[in-house]
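For reference, the chains in residue letters:
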Amino acid sequence: MHPPSRNDQCPCGSGKKYKRCCGADKKSPILAAKPATLDANQLVQQALYRHQQGDLDSAIRLFDQALSIRPKESILHGLRGMVLLEKGDTVAAMQGIQYGLTLAPRNSHLFNFLGQTLGRTGDPAGAEKAFKRAISIEPGLLEAWFNLGSTQLDEGRPEEAIVSYYEVVARSPNHGLSHIQLAKAFYLQRDLTNAEIHVRQALSLGITPGRSGLWLAQILSAQGKHAESIEQEKKTLEQIAQPAEAFSIFNELADAELLVGRFEAAEA
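Presented here is an overview of the structure given in this document.

Conventions used here
Every chain is numbered on its own, with residues counted from 1 as its sequence reads. Reporting in this predicted model follows two pLDDT cut-offs: at least 70 for local features of residues, and 80 or more for side-chain atom pairs to be given and counted; totals over whole chains, interfaces and linings ignore these cut-offs and use all residues. Only hydrogens and water are set aside; all other atoms, that is, all heavy atoms of the structure, feed into the side-chain values. Note on conventions: DSSP H or I runs of at least 4 residues are helices, E runs of at least 2 residues are strands, and numbering of each starts at the N terminus. Two residues qualify as a contact provided that any one of their heavy atoms is within 4.5 Å of a heavy atom in the partner residue. Accessible surface area values rest on a Shrake-Rupley calculation with a 1.4 Å probe, where residue burial reflects the displayed protein chains alone. Expected span of a helix: the number of residues minus one, times 1.5 Å. Each residue gets one of three labels from its accessible area relative to the maximum for its type: buried under 20%, exposed over 50%, partly exposed in between, using a 1.4 Å probe on protein chains only. The criterion is simple. A nonpolar core is a set of buried Ala, Val, Leu, Ile, Met, Phe, Trp, Tyr and Cys residues joined through side-chain atoms within 4.5 Å. Under this scheme, a helix contributes an axis fitted over its contacting stretch, all axes are lines through C-alpha atoms, and angles between N-to-C directions fall in the 0 to 180 degree range. Roughly parallel here means an angle under 35 degrees, roughly antiparallel means over 145, roughly perpendicular means 65 to 115, and every remaining angle is called oblique. It is the rotation of the near helix from the far one that decides the hand of a crossing: anticlockwise by less than a right angle makes it left-handed, clockwise makes it right-handed. Classification used: nonpolar for Ala, Val, Leu, Ile, Met, Phe, Trp, Tyr, Cys and Pro, charged for Asp, Glu, Lys and Arg, polar for all others including Gly. Any carboxyl oxygen of Asp or Glu that lies within 4 Å of a side-chain nitrogen of Lys or Arg is treated as forming a salt bridge with it. Aromatic contacts are taken between Phe, Tyr and Trp rings whose centres are within 6.5 Å, Trp giving its six-membered ring; a plane angle under 30 degrees counts as stacked, one over 60 as edge-to-face, and the others as tilted. The rule for a charge over a ring is simple: NZ of Lys or CZ of Arg within 6 Å of the ring centre, and within 35 degrees of the ring normal.

**Considering the overall build of the protein chain**
Of the regular secondary structure elements, the protein chain holds 14 helices and zero strands. Its helices and strands taken in sequence order, the protein chain reads α-α-α-α-α-α-α-α-α-α-α-α-α-α from the N to the C terminus. Contacts spanning at least 24 positions in sequence make up 47% of the contacts within the protein chain whose residues lie at least 6 apart. Accessible surface, the protein chain as shown: approximately 13100 Å² in total, 52% of it carbon and sulfur.

Rendered as structure tokens:
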């Protein structure tokens with residue numbers, strides 16, 4: 001799980017947007033207060049903030065303190081589990097999420113967390129089942145639809161992934177990551193027109209411009225627009241600050257080219 005963005009539904013279960021709940025006013029004096037002086041809600045707010053900042057150990061400690069006050073609050077076990085998952089402790093993450101589900105067997109967020117954990121442990125079928133369970137409980141849970149689409153795409157079923165991603169953009173047209181994934185799914189289907197439409201939409205939204213820009217270059221190349229492709233690639237590479245980012249994106253592009261049979265492009 002990525003830490004929530006400001007417009008996501010708050011994972012604490014309040015039903016409010018993160019920016020109006022636990023993510024409200026990150027510069028609040030609450031963030032400077034000592035944990036011992038905070039109530040459970042404030043501890044959760046700090047834990048989510050620390051997670052978002054990448055301070056995973058502090059996030060776990062704060063969730064532990066919140067759970068010492070509210071040990072039966074199911075979502076807290078799930079949120080703590082997702083921090084553990086990010087740390088690489090899949091066993092402890094799974095235990096926490098499953099315990100949360102014993103407390104709240106119909107919590108859609110916990111099933112979404114479960115799916116992500118199962119996917120990380122190499123069980124895509126179990127992950128897909130968990131995401132579908134989350135959606136059956138809460139059809140509007142965008143993160144579960146997105147994760148379902150990503151699982152389907154990773155499993156080589158782009159046509160199913162497209163359906164799942166469209167569920168996201170139908171509800172949230174500016175969900176940039178879904179547009180990038182749609183571009184990739186359409187590319188794997190050799191529908192270059194729709195692939196270009198969605199990657200340009202992602203670029204217009206400013207979502208991961210390095211990945212979007214290099215995908216656009218790849219799509220233009222596949223369309224035979226070689227000069228435009230070279231210019232797009234050059235412009236994008238100039239904007240990528242970290243070599244590791246470019247390395248990761250080129251690996252992704254090479255894998256896609258192998259899947260569609262463009263072996264020379266994959267080698268390049």
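**A few points about helix H4 (residues 90–103)**
The periodicity of an α-helix, 3.6 residues per turn, causes residues three or four positions apart to be oriented the same way. Helix length check: H4, at 14 residues, gives a terminal C-alpha distance of 20 Å against a target of 20 Å (1.5 Å per residue), a fit within 8%. Taken together, the buried positions of H4 are Ala 92, Ala 93, Met 94, Gly 96, Ile 97, Gly 100 and Leu 101. Where H4 is buried, its residues touch helix H3 (74–87) and helix H5 (108–120).

**Description of the nonpolar core**
Grouped together as the largest cluster of nonpolar side chains are 66 residues, with contacts concentrated most on Phe 63, Leu 76 and Leu 114. Contacts of Phe 63, omitting those with residues within four sequence positions, involve Val 44, Ala 47, Leu 48, Leu 76, Leu 79, Arg 80 and Val 83.

**Considering the packing of helix H10 (residues 192–204) against helix H11 (residues 209–222)**
Running from amino to carboxyl end, H10 crosses H11 at an angle of 155 degrees, the nearest separation of the two axes being 9 Å. What the angle tells us is that H10 and H11 run roughly antiparallel. In the crossing of H10 with H11, the sense of the turn from one axis to the other is left-handed. Residue-level contacts link Leu 192, Ala 195, Glu 196, Val 199, Arg 200, Ala 202 and Leu 203 of H10 to Pro 209, Ser 212, Gly 213, Trp 215, Leu 216, Ile 219, Leu 220 and Ala 222 of H11. Grouping the constituent residues of the contact of H10 with H11 by class yields eleven nonpolar, two polar and two charged.

**Examining the pattern of salt bridges**
Two side chains bearing opposite charge may form a pair once their charged atoms approach each other closely. The full count for this structure, using the stated rule, is 13 salt bridges. Between Glu 128 and Arg 157 there is a salt bridge, and its shortest N-O distance comes to 2.7 Å. Remark: Arg 157 occurs in the loop between helix H7 (142–154) and helix H8 (158–171) and Glu 128 occurs in helix H6 (residues 124–137); sequence separation between them is 29 residues. Salt bridges sharing common partners tie together Glu 128, Lys 132, Arg 157 and Glu 160.

**Brief notes about the packing of aromatic side chains**
Taken as a whole and assessed by the stated rule, the structure comprises three aromatic pairs. Both rings, one in Phe 146 and one in Tyr 165, keep their centres 5.6 Å apart while their planes meet at 55 degrees; by these two values the pair is tilted. Of this pair, Phe 146 sits in helix H7 while Tyr 165 is found in helix H8, placing the two residues 19 residues apart along the sequence. A relative accessible area of 16% means that Phe 146 is categorised as buried. The ring of Tyr 187 has Arg 190 sitting right over it, with the charged end atom 4.9 Å from the ring centre.

**What to know about the packing of H3 against H4**
Close contact between H3 and H4 brings their axes to 8 Å; oriented N to C, the two are set at 165 degrees. Viewed along their axes, H3 and H4 adopt a mutual orientation that is roughly antiparallel. The two elements H3 and H4 cross, and the hand of that crossing is left-handed. Together, Ser 74, His 77, Gly 78, Gly 81, Met 82, Leu 84 and Leu 85 of H3 and Thr 90, Ala 92, Ala 93, Gly 96, Ile 97, Tyr 99, Gly 100 and Leu 103 of H4 make up the contact between the two elements.

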